[in-house]
Amino acid sequence: MRRILFPLILGIVGCAILVQLGLWQLRRMEWKEDMLARIQASIDADPVPLPATVDPSMKYLPVTVSGTTTGAEIDVLSGSKEQGGGYQIVSRFITDDGRAILLDRGFVPQELRHVERGPTRLTVRGNLHWPDEKGSATPDPNLQENIWFARDVPAMAKVLDTEPVLVVASFVQGDAQGVEPIPVAIEGIPNNHLSYAVQWFLIAATWAGMTVALIWRIRQRKY
């Protein structure tokens, strides 16, 4: 009995730790699902006029703005399986009360990138957003070619001389100039906790199997 005591204790403790890690991931999944539901409710709320003072705590706030683009824009490399490669057009937008802000008008395919989009009057419904897209591996923008690889609100605001405020359009009234709105959505927010939980439970099952096999081999030894 003493020969199997240590591996038995090690197996039980190891399995308990691994199962607890799996259960923790399930709790994290519930937390993330609740957070995503709250974000979706915020996105879908009734829009309000753009507040006079805006800060990142207002992320996802639905707003309405009216004004005119200036023709100055930033092209952010984008694309999807459905749309193929292209760019998201972030325009300098002057509101009716004279504020200069950033307006993410949406997507254009590769072949429409260089189509001239001069000043146009728009009424927009959308959401305030501060995308978390720029990481340590994200290349710096190619300012000469006007190609950006992430929506970096402070940097874009500096280049286009606007407030560090980004409205992502979900509906545009006026001449959209071929730009298709891409509304803010929760699909891009990862929620991988279920797969992590399954992995921990599988490791726990493997650990239990290895413990049983080890104990069986010990019991088979003859002295």
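To be clear, the structure that these remarks concern was listed above.
*Asks:* Can you tell me about the pattern of salt bridges, naming the residues and giving the values?
*Replies:* Per the stated rule, a full pass over the model turns up nine salt bridges. Here aspartate 140 ties to lysine 134 by a salt bridge, and the two come within 3.8 Å at their closest N and O atoms. Look at the salt bridges and you will find they share partners, linking Asp104, Glu133 and Arg151 into a network.

*Asks:* Before we move on, can you summarise the nonpolar core with the specific residues and values?
*Replies:* The biggest cluster of nonpolar side chains holds 33 residues, and the ones touching the most others in it are Leu50, Leu102, Leu128 and Met156. Breaking this core down by element, the ones donating at least two residues are helix 1 (2-44), strand 2 (62-80), strand 3 (84-95), strand 4 (100-109), strand 5 (121-128), helix 2 (153-160) and strand 7 (166-174). Filtering out sequence-adjacent residues up to four positions away, leucine 50 remains in contact with Val63, Thr64, Val65, Arg99, Ile101, Leu128, Val165 and Val167. Core analysis: the second largest hydrophobic core is formed by five residues, Tyr87, Val108, Ile147 and Val179 among them.

*Asks:* Lay out helix 2 in plain terms, naming residues and giving numbers.
*Replies:* Three or more residues of helix 2 are buried, namely Val153, Met156, Ala157 and Leu160. Seen along its axis, helix 2 keeps its buried residues to an arc of 100°; they face one direction. Exposed side chains of helix 2 directed beyond 90 degrees from the buried face belong to Pro154 and Lys158. In the stretch just after helix 2, aspartate 161 is the one whose phi turns positive, near 55°.

What counts, and where the lines are drawn
- Residues numbered from 1 in each chain as written.
- Predicted model: local features only at pLDDT ≥ 70, side-chain atom pairs only at ≥ 80, totals over all residues.
- Heavy atoms only, no water.
- Salt bridge = Lys/Arg side-chain N within 4 Å of Asp/Glu carboxyl O.
- Core = buried A, V, L, I, M, F, W, Y, C linked by side-chain atoms within 4.5 Å.
- Buried < 20%, exposed > 50% of the residue type's maximum accessible area, 1.4 Å probe, protein only.
- Helix = DSSP H or I, 4+ residues; strand = E, 2+ residues; numbered from the N terminus.
- Contact = heavy atoms within 4.5 Å.
- Arc of directions from axis to C-beta.

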